[in-house]
Amino acid sequence: MTHSLAKRIIPCLDVKDGQTVKGTNFIHLRQAGDPVELGKAYSDAGADELVFLDITASHEGRKTFTDMVTQVAREINIPFTVGGGINELSDVERLLYAGADKVSVNSAAIRRPALIDEITRRFGSQVCVVAIDARLDDDGWHCYVKGGRERVELRLMDWAHEAQERGAGEILFTSMNHDGVKEGYANETLAMLSDRLSIPIIASGGAGKKEHFRDVFTLGKADAALAASVFHFGEIPIPQLKRYLRSEGINVRE
């Protein structure tokens, strides 16, 4: 399905103990700065949305993260999604109350798919982003949980379709094969998802240069492109990226 809406550029901030970190293929973390300051800088630079993921959503981590969400909501004026450790409606409520616009659910939704129905019934589809970490194994694309550590017997296409049927507002698909490698997104698979589903697809995993963003919107038919390290370490400034995409005929917001 093609969407004529403007394509969105979304920096993603993985937050651990109150700091932004970035890894490759889900490991080797290094620090990238204060998430509130980074979020504000991205908002000022023209990011369309932000995603904050609590990657150590232990009990102690949760309070730190919720406080951060409150601060982010005060500082920025673009929509932002939060994820990590969301297992039940009370988690969703706490984060929306702190100021988040959307929540992203991953492992918990695979363990208990009814969570998607509950969130969308209570807060609306637009609040529920279903994040899927998948890897192309010898026997096809499979979903992974626990931060990409454990394979489940769900196939990517089947699970994405079920998430949509249960009311998810968007799918955030991370290709584990491409994550942090900076050689481009999983465009063929993204295009397949886009053709089969009617809800927006956010592409994640693989951005290394401006051309990768062009390709994910044209070849991959994604509605939004998410990236982390190329933004955190200043490799691709967002205003420059948007100018480039416009010059390539891609509809992005100012």
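See above for the structure.
Read on for a plain summary of the structure. Because the structure is predicted, anything quoted here is derived from the model rather than measured. (Residues numbered from 1 in each chain as written. Predicted model: local features only at pLDDT ≥ 70, side-chain atom pairs only at ≥ 80, totals over all residues. Heavy atoms only, no water.)

A word on the pairing of strand S8 (residues 140-145). Counting buried residues in S8 gives 6 out of 6 residues, a clear majority hidden from the surface. Summarising the sheet, strand S7 (residues 128-137) and S8 pair through 5 bridges and their orientation is antiparallel. Along S8, the bridge assignment pairs Asp133 with Tyr144. Summarising the sheet, S8 and strand S9 (residues 150-155) pair through 3 bridges and their orientation is antiparallel. (Buried < 20%, exposed > 50% of the residue type's maximum accessible area, 1.4 Å probe, protein only. Helix = DSSP H or I, 4+ residues; strand = E, 2+ residues; numbered from the N terminus. Pairing = 2+ DSSP bridges.)

Here the focus is unusual backbone geometry. For Asp17, which is not glycine, the phi dihedral falls at a positive 50 degrees. Its place among the elements puts Asp17 in the loop between strand S1 (8-16) and strand S2 (19-24). Take Asp17: its relative accessible area is 59%, and that puts it in the exposed class. Phi is positive for Lys182, which is not a glycine, with a value near 65 degrees. Structurally, Lys182 is set in the loop between strand S10 (170-175) and helix H7 (187-196). Classification of Lys182 by relative accessible area gives partly exposed; the value is 26%.

What follows covers the environment of Asp54. Tracing the backbone through its elements, the reader meets Asp54 in strand S4 (residues 50-54). In this structure Asp54 comes out as buried when scored by relative accessible area, which is 7%. Through-space distance from the C-alpha of Asp54 to that of Arg111 is 19 Å; in sequence the pair is 57 residues apart. Once residues within four sequence positions are removed from consideration, Asp54 is found in contact with Val15, Gly61, Arg62, Phe65, Gly83 and Gly84. (Contact = heavy atoms within 4.5 Å.)

Counted under the stated rule, the structure contains 5 aromatic pairs. Measuring from ring centre to ring centre gives 5.5 Å for Trp141 and Phe173, while their planes differ by 75 degrees; the resulting arrangement is edge-to-face. Taken as a pair, Trp141 in strand S8 and Phe173 in strand S10 lie far apart in primary sequence, 32 residues in all. Taking the relative accessible area as the measure of exposure, Trp141 reaches 14% and is therefore buried. In this structure an aromatic cluster arises from ring pairing among Tyr42, Tyr185, Phe213 and Phe231. (Phe/Tyr/Trp six-rings, centres within 6.5 Å; stacked < 30°, edge-to-face > 60°.)

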